[in-house]
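Structural overview for review
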Amino acid sequence: MTTTRRKTSTTTGRGAATSHNHTPAGTGARAAAPAGAEAVDPADLPVRSGEEPWTAAEVAEVHAELNADLLRLREEIDTAEAAITGLMRDSNDGAGDDQVDAGTKNINRESELALANNARDMLDQTERALARLEGVGFGVCESCGQAVGKARLQAFPRATLCISCKAKQERR
């Protein structure tokens, strides 16, 4: 079976990664159960009709991908914050700048702020997906309660809606 991989970030790493440990933040996390992919029973994860049940290897792959995303996103946030700090510091040194220079600095600052905010949103989604995977609710549509779909989750592990509910949401 071939799985479709989603595109990863194209930003360049300009800073060193900061060490952060994942702690599930979701409600309903298993008490006294080991954290991580080994704590997840693949038989508990829902699948759509016609899909094969989850295997332990597939769950471990999704878990590892989410953990890798956590580290990458935290690094992106740290890098963007360092860049924003530098841009803010440089914006005070604008003596003699013409309108084009000032505009360029503003565009760069706004761009870095947008990248940092996007990375923060993705980090929140990733932490939530990990908490759901290690706890309760991974693979269940938050709108209709049906299975999101194994193939969809393998392609986009942060998905919280099935395809039909997501399509309805996007039409609004």
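Everything quoted here is computed from the prediction, not taken from an experiment.

**Digging into the state of the cysteines**
Throughout this description, disulfide means a covalent bond between two cysteine sulfur atoms. Throughout the structure, instances matching the rule amount to 0 disulfides. No disulfide involves Cys-141; its sulfur sits 3.6 Å from the nearest other cysteine sulfur, which is in Cys-144. Unpaired in terms of disulfides, Cys-162 finds its nearest cysteine sulfur in Cys-165, a separation of 3.6 Å. Since its relative accessible area comes to 2%, Cys-162 is described here as buried.

**Some details on the pattern of salt bridges**
A complete count under the given rule lists 8 salt bridges for this structure. For Arg-72, the salt bridge identified is with Glu-76, shortest N-O distance 2.8 Å. Note that Arg-72 and Glu-76 are positioned in helix H1 (residues 56–91) at a spacing of 4 residues, about one turn of the helix. Overall, the relative accessible area of 19% leaves Glu-76 in the buried class. What emerges from the salt-bridge pattern is a single network uniting Asp-69, Arg-72, Glu-76 and Arg-158.

**Notes on the packing of aromatic side chains**
Under the counting rule described, the total for this entry stands at 1 aromatic pair. Here the guanidinium or amino end of Lys-150 rests over the ring plane of Trp-54, the centre of that ring lying 5.9 Å away.

**Observations regarding the environment of Ser-49**
As for its position among the elements, Ser-49 is in the segment before H1. Of the residues examined, Ser-49 reaches a relative accessible area of 78% and is grouped as exposed. For the pair Ser-49 and Gly-149, spaced 100 residues apart in the sequence, the C-alpha separation amounts to 8.8 Å.

**Here we look at the layout of surface pockets**
In this structure, the second largest pocket occupies an estimated 150 Å³ of space. Broken down by secondary-structure element, the contributors of at least two residues to the lining of the second largest pocket are helix H2 (99–134) and helix H4 (163–171). The class makeup of the residues in the lining of the second largest pocket is 3 nonpolar, 3 polar and 4 charged.

**Focus on the nonpolar core**
Leu-45, Trp-54, Leu-133 and Phe-138 are the most contacted members of the largest nonpolar core, which totals 22 residues. If you list the elements that add at least two residues to this core, you get H1 and H2. For this core, the element with the most residues is H1, which contributes 6 residues. Once residues lying within four places of it in the same chain are set aside, the contact partners of Leu-45 are Val-40, Trp-54, Val-59, Leu-133 and Phe-138.

**Structural notes on H2**
Taking 1.5 Å of rise per residue, the 36 residues of H2 would be expected to cover 52 Å, and the 52 Å separating its terminal C-alpha atoms lies within 8% of that figure. Residues Arg-109, Glu-112, Ala-116, Ala-119, Leu-123, Thr-126, Ala-129, Leu-130, Ala-131, Arg-132, Leu-133 and Glu-134 constitute the buried set of H2.

**As for the environment of Lys-105**
The topology assignment puts Lys-105 in helix H2. Taking the C-alpha atoms as reference points, Lys-105 and Leu-87, separated by 18 residues in sequence, lie 7.3 Å from one another.

**Topic: the confidence of the model for the protein chain**
In the predicted model, the protein chain carries a mean pLDDT of 79, and 74% of its residues have values of at least 70. Below a pLDDT of 50 lies the segment residues 1–34, which in the model reaches 48 contacts outside its immediate sequence neighbourhood of four places, other chains included.

**Brief notes about the side chain of Thr-126**
Note on placement: Thr-126 falls in helix H2. Residue classification places Thr-126 among the buried positions, given a relative accessible area of 0%. With residues up to four places along the chain from it excluded, the contact list for Thr-126 reads Leu-66, Asp-69, Leu-70, Leu-73 and Arg-158.

Rules used throughout
Residues numbered from 1 in each chain as written. Predicted model: local features only at pLDDT ≥ 70, side-chain atom pairs only at ≥ 80, totals over all residues. Heavy atoms only, no water. Disulfide = S-S within 2.5 Å. Buried < 20%, exposed > 50% of the residue type's maximum accessible area, 1.4 Å probe, protein only. Salt bridge = Lys/Arg side-chain N within 4 Å of Asp/Glu carboxyl O. Helix = DSSP H or I, 4+ residues; strand = E, 2+ residues; numbered from the N terminus. Phe/Tyr/Trp six-rings, centres within 6.5 Å; stacked < 30°, edge-to-face > 60°. Lys NZ or Arg CZ within 6 Å of the ring centre and 35° of its normal. 1 Å grid on protein atoms, 1.4 Å probe; cavity = no way out; pocket = protein on both sides within 12 Å on 5 of 7 lines; lining within 4 Å. Points joined across faces, edges and corners; volume = space filled by probe spheres on them. Nonpolar A, V, L, I, M, F, W, Y, C, P; charged D, E, K, R; others polar. Core = buried A, V, L, I, M, F, W, Y, C linked by side-chain atoms within 4.5 Å. Contact = heavy atoms within 4.5 Å. Expected span 1.5 Å × (residues − 1). pLDDT = per-residue confidence, 0-100.

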